[in-house]
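# Breakdown of the fold
The lines below spell out each chain.
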Amino acid sequence: MPSDTEKNDAAANPAAQRRDLHTLTHGELAELLASLGQPSFRAKQVEEWVWSKNARSFDEMTNLPKSLREALAERLTLGGAVEVARQVSSDGSRKYLLRFTDGVSVECVGMPSRSKLSVCVSTQAGCAMGCAFCATGAAGLSRSLTAAEIYEQVMHVRDDFNSRVTSVVMMGQGEPFMNYDATLAALRKLNDPDGAGIGARHLTVSTCGVIPQIMRFANEPEQFTLAISLHSAVQRTRNALMPGVRKYSLINLYNVMGEYVNKTGRRPTYEYALIGGVNDTDAELQALCDFCEGTLVHVNLIQLNEVEGSKFRPSTDLRAQDFVRRLAAVGVEATVRNSRGSDIDAACGQLRQRVIGRRSS
Ligand code: SF4
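Residues numbered from 1 in each chain as written. Predicted model: local features only at pLDDT ≥ 70, side-chain atom pairs only at ≥ 80, totals over all residues. Heavy atoms only, no water.

### What to know about the overall build of the protein chain
Test applied: For the purposes of this entry, the term helix denotes a DSSP run of H or I that reaches at least four residues, the term strand denotes a run of E that reaches at least two, and both are numbered from the N terminus. Burial here depends on accessible area, computed with a 1.4 Å probe over protein chains only, as a share of the maximum for the residue type. Under 20% is buried, over 50% is exposed, and the range in between is partly exposed. The criterion used for residue contact is that any of the two residues' heavy atoms lie within 4.5 Å. For every accessible area listed, the method is Shrake-Rupley and the probe measures 1.4 Å; residues are considered covered only by the protein chains on display.
Along its length, the protein chain carries 13 helices and 14 strands. Looking at the protein chain as a whole, 54% of its 361 residues qualify as buried. Of the contacts formed within the protein chain by residues at least 6 apart in sequence, a portion of 67% connects residues at least 24 apart. Just so you have it, the protein chain exposes about 15900 Å², and 50% of that area is on carbon and sulfur atoms.

### Some details on the pattern of salt bridges
This is how it is decided: The salt bridge criterion pairs a side-chain nitrogen of Lys or Arg with a carboxyl oxygen of Asp or Glu, the two atoms within 4 Å.
The tally for this structure, following the rule as stated, stands at 21 salt bridges. Note that lysine 44 and aspartate 194 form a salt bridge whose closest N and O atoms lie 3.3 Å from each other. Of this pair, lysine 44 sits in helix 3 (residues 42-52) while aspartate 194 sits in the loop between helix 7 (180-191) and strand 10 (203-207), placing them 150 residues apart in sequence. Across the pair glutamate 149 and arginine 143 runs a salt bridge whose closest N-O atoms are separated by 2.9 Å. Taken together, the shared-partner salt bridges connect Glu83, Arg86, Arg94 and Asp160 into one network.

### Notes on the side chain of arginine 42
Rule in force here: Counted as positive: Lys and Arg. Counted as negative: Asp and Glu, with His and the chain ends omitted from the count. Think of a polar contact as two N or O atoms within 3.5 Å of one another; within protein, one of them needs to be a possible hydrogen donor and the other a possible acceptor, and neighboring residues in sequence only count if both atoms come from side chains.
With respect to the element layout, arginine 42 can be found in helix 3. Salt bridges are absent for the buried arginine 42, whose nearest opposite-charge side chain, glutamate 48, sits at 11 Å. Among the polar contacts made by the side chain of arginine 42, one reaches the side chain of glutamine 45 at a distance of 2.8 Å. When residues no more than four places from it in sequence are discounted, the contact partners of arginine 42 are Leu33, Asn63, Leu64, Pro65 and Leu68.

### A short note on the packing of helix 8 (residues 211-218) against helix 10 (residues 250-264)
Put simply, the test is: Note on geometry: axes are lines fitted to C-alpha atoms, helical ones only across the stretch in contact, with angles between N-to-C directions running from 0 to 180 degrees. By the definition adopted for this analysis, an angle is roughly parallel if under 35 degrees, roughly antiparallel if over 145, roughly perpendicular if from 65 to 115, and oblique otherwise. Residues are grouped as follows: Ala, Val, Leu, Ile, Met, Phe, Trp, Tyr, Cys and Pro are nonpolar; Asp, Glu, Lys and Arg are charged; all remaining types, including Gly, are polar.
Closest axis-to-axis distance for the helix 8/helix 10 pair is 9 Å, and the angle between their directions is 5°. Here helix 10 runs roughly parallel to helix 8, going by the angle between their axes. Here Ile211, Ile214, Met215, Phe217 and Ala218 of helix 8 lie close against helix 10, whose contacting residues are Asn252, Leu253, Val256, Met257, Glu259, Tyr260, Lys263 and Thr264. Its residues assigned to classes, the contact of helix 8 with helix 10 shows 9 nonpolar, 2 polar and 2 charged.

### Let's talk about the site of the ligand
Short version of the rule: Any residue with at least one heavy atom within 4 Å of a molecule or strand is counted as near it.
Surrounding the ligand, one finds Cys127, Met129, Gly130, Cys131, Cys134, Thr136, Gly137, Gly172, Gly174 and Cys208. The class makeup of the residues in the shell around the ligand is 5 nonpolar, 5 polar and no charged.

### Here we look at the nonpolar core
The line we're drawing: Take the buried Ala, Val, Leu, Ile, Met, Phe, Trp, Tyr and Cys residues and link them wherever side-chain atoms come within 4.5 Å; each set so joined is a nonpolar core.
Counting 99 residues, the largest nonpolar core has Phe217 and Leu253 as its most contacted members. Contact partners of phenylalanine 217, with chain neighbours within four places excluded, come to Phe177, Tyr180, Leu184, Leu187, Val205, Phe224, Thr225, Leu226 and Tyr260.

### So, unusual backbone geometry
Even without being a glycine, asparagine 162 presents a positive backbone phi close to 50°. If you trace the backbone, asparagine 162 turns up in the loop between helix 6 (147-161) and strand 9 (167-170). In this structure, histidine 231 takes a positive phi of about 65° despite not being glycine. Tracing the chain through its elements places histidine 231 in the loop between strand 11 (225-229) and helix 9 (235-241).

### A short note on the pairing of strand 9
Heads up, the rule is: Strand pairing requires that DSSP identify at least two bridges connecting the strands. The handedness of a crossover follows from its direction of travel: if, with the strands pointing away from the viewer, the path from the first strand over the helix to the second runs clockwise, the crossover is right-handed.
Examined bridge by bridge, strand 6 (residues 116-120) and strand 9 share 3 bridges and lie parallel to one another. Looking across to strand 9, one finds that valine 119 is bridged to valine 168. For the crossover that starts at strand 9, traverses helix 7 and ends in the parallel strand 10, the hand is right-handed.

### What to know about the pairing of strand 4 (residues 94-99)
Pairing of strand 3 (residues 82-88) with strand 4, which is carried by 6 bridges, proceeds in the antiparallel orientation. Paired with valine 88 across the bridge in strand 4 is arginine 94. What sits between strand 3 and strand 4 in their antiparallel hairpin is a turn of 5 residues, with glycine 92 showing a positive phi close to 95°. Where strand 4 lies against strand 5 (residues 105-113), 6 bridges are found, and the strand directions are antiparallel. Within strand 5, the position partnered with leucine 98 by the bridge is valine 106. Linking two consecutive strands that pair antiparallel, namely strand 4 and strand 5, is a turn of 5 residues; a positive phi of about 100° is found at glycine 103 within it.

In short, the description is geometric, and any link to function would need to be established separately.
This is the structure in structure tokens:
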């Protein structure tokens, strides 16, 4: 549920009463335009403004008659997420806190590098998975986002950088596979040449390992990329770190990932946040090697982002390199991923927690 602060903000916003144009299907939009006496080509014109050009007001839709723009504005909104906070890192990354019309807020991040722009988006406001090292998990779930709200985060970052988005990772707040349909609809719109036009292989979903949805995802026709947040190949450690997926055993995860690779031929990624003294011991490293050896996988080792008040600390760089070497020795490619934005609140949920906490107090 939205916090009291979020609900009060929503009550003061009359736009919350109108439907967001992004949530209309093509058929619904065509029907509405026909009821307003418009020719059939108008639907395509409106959709281009909405999805490709990310119009923020109906007045921008200059190839529509003024009377139509006014009629649409009376009936609909254009998303209307508002940026309520941002942090800019010395490495160029920008983290945004966006608030939707009902008052809930989520984080998204833009990460530029050379000619590329990667965007990390949230799929839920808050999260119910309760990962022990995560600021979002500690705050619980507010609600799942719509496909349009997921898409809108990408467009917000694109417009702020004034640059084409080259890849998107659904690795922000929330568990994408607990909001499967909206996540898939957003991926399709991001992939659509009439939408953001981003190649399917550059669209990545990161899941804690919600097993029933992994094979569903494998059976989707597009070649979207899959990342699994593994964080430990020792059942007891994983249960403690990731209680939300305790019911899905590592054995079952291992088996389903084998099926996924057989079905898709694509290499998944295992994300592994190195936590000093918790999942970076020799026994944990051996278990990770055993879990990965002989499988088609890439391991992303991430130095844990420290969360205020958390007992967890990142491993040392030397230890991360030990992991890379040992995994390479059993034929598994691994890289240590730079933590982007480490001089701002890099872990997901920290900016939201900071702003909501401040406004509630
Ligand atoms: S790490 Fe991801 S899945 Fe886990 S609680 Fe945080 S947002 Fe949810």
